[in-house]
Amino acid sequence: MSTSGRSPAPGAGWPGGPFDPPEVVWSGVSPRLAVARRLVACGPLAALALVAAVLAVVLGLAWLWGAAAVLAGCAGWGWRVIGRQVRAWGYAERADDLLVRRGVMWRAIVVVPYGRMQYVDVYAGPVDRALGLAKVQLHTASAHSDAFIPGLAPHEAARLRDRLASRGEARLAGL
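Residues numbered from 1 in each chain as written. Predicted model: local features only at pLDDT ≥ 70, side-chain atom pairs only at ≥ 80, totals over all residues. Heavy atoms only, no water.

Caption draft 1: Fine view of the packing of helix α1 (residues 32-59) against helix α2 (residues 63-88). Where α1 contacts α2, the two axes come as close as 8 Å, and the packing angle between them is 170°. Between α1 and α2, the angle falls in the class roughly antiparallel. When the residues that make up the contact of α1 with α2 are grouped by side-chain class, the tally is 23 nonpolar, two polar and two charged. (Axes fitted to C-alpha atoms, helices over the stretch in contact; angles between N-to-C directions. Helix = DSSP H or I, 4+ residues; strand = E, 2+ residues; numbered from the N terminus. Parallel < 35°, antiparallel > 145°, perpendicular 65-115°, else oblique. Nonpolar A, V, L, I, M, F, W, Y, C, P; charged D, E, K, R; others polar.)

Structure representation (structure tokens):
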């Protein structure tokens, strides 16, 4: 506590606060992750907007123009938000743990000690495979501390999986 009776600001002493620890070099995810997420989220909204506009012309229903505008607006808003979300993803390998950060409005940073990792998975869905992406999923003993890193190139995901697994085994052997 300070002499004024108030607590110091969270993250005082860190230039970026609790979400940007000092001397951490962040690795980002691939920009192709934004393409994948936009295809899945914005593509259907844009298609529905187009269908609503065509039906508005064919059927002469004016309210369908409003629906088309709302759907197109949601697709545009989603396009922008997804780009910001993807740029916010990052991970950093430190000596004893892995840091994973994400989020723009609701920011989060997950610290996973190597000694707590049980196993590491690599996933790739159909859209991910088509765009050359993979997701690394870390599993720990706690269900709430699982972390994942989407949007990695397959060779980077495999390298990270192998590196994290070997570091985890080395930390467990030391216990």
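Having put the structure on the table, let's press on.
Caption draft 2: The arrangement of the sheet that holds strand β6 (residues 134-140) in detail. With antiparallel pairing, the three strands of this open sheet are ordered in space as β5-β6-β7. Where the open sheet ends on each side, the last strands, each with one partner, are β5 (117-123) and β7 (147-152). When the angles between neighbouring strand axes are averaged without regard to direction, this sheet yields 15°. Where β6 lies against β7, four bridges are found, and the strand directions are antiparallel. If you follow Ala-134 over to β7, its bridge partner there is Leu-152. (Pairing = 2+ DSSP bridges.)

Caption draft 3: Inspection of the layout of surface pockets at higher detail. Quantified by volume, the largest pocket comes out at close to 240 Å³. Arg-37, Trp-77, Val-81, Arg-84, Gln-85, Trp-89, Arg-102, Gly-103, Val-104, Met-105 and Trp-106 together form the lining of the largest pocket. No other element matches the four residues that α2 contributes to the lining of the largest pocket. (1 Å grid on protein atoms, 1.4 Å probe; cavity = no way out; pocket = protein on both sides within 12 Å on 5 of 7 lines; lining within 4 Å. Points joined across faces, edges and corners; volume = space filled by probe spheres on them.)

Caption draft 4: View of the environment of Val-104. Tracing the sequence through the fold places Val-104 in the loop between β3 (97-102) and β4 (108-113). For the pair Val-104 and Trp-89, spaced 15 residues apart in the sequence, the C-alpha separation amounts to 9.2 Å. What Val-104 contacts, discounting residues up to four positions off in sequence, is Arg-84, Gln-85 and Ala-88. (Contact = heavy atoms within 4.5 Å.)

Caption draft 5: Quick look at α1. With 28 residues, α1 ought to run about 40 Å at 1.5 Å a step, and its terminal C-alpha atoms sit 39 Å apart, in line with that. Where α1 is concerned, the buried positions are Leu-33, Ala-34, Ala-36, Arg-38, Cys-42, Ala-49, Ala-52, Ala-53 and Ala-56. Looking at the buried side of α1, the elements it contacts are α2, α3 (126-131) and β7. One or two positions beyond α1, positive phi appears at Gly-60, with a value near 70°. (Expected span 1.5 Å × (residues − 1). Buried < 20%, exposed > 50% of the residue type's maximum accessible area, 1.4 Å probe, protein only.)

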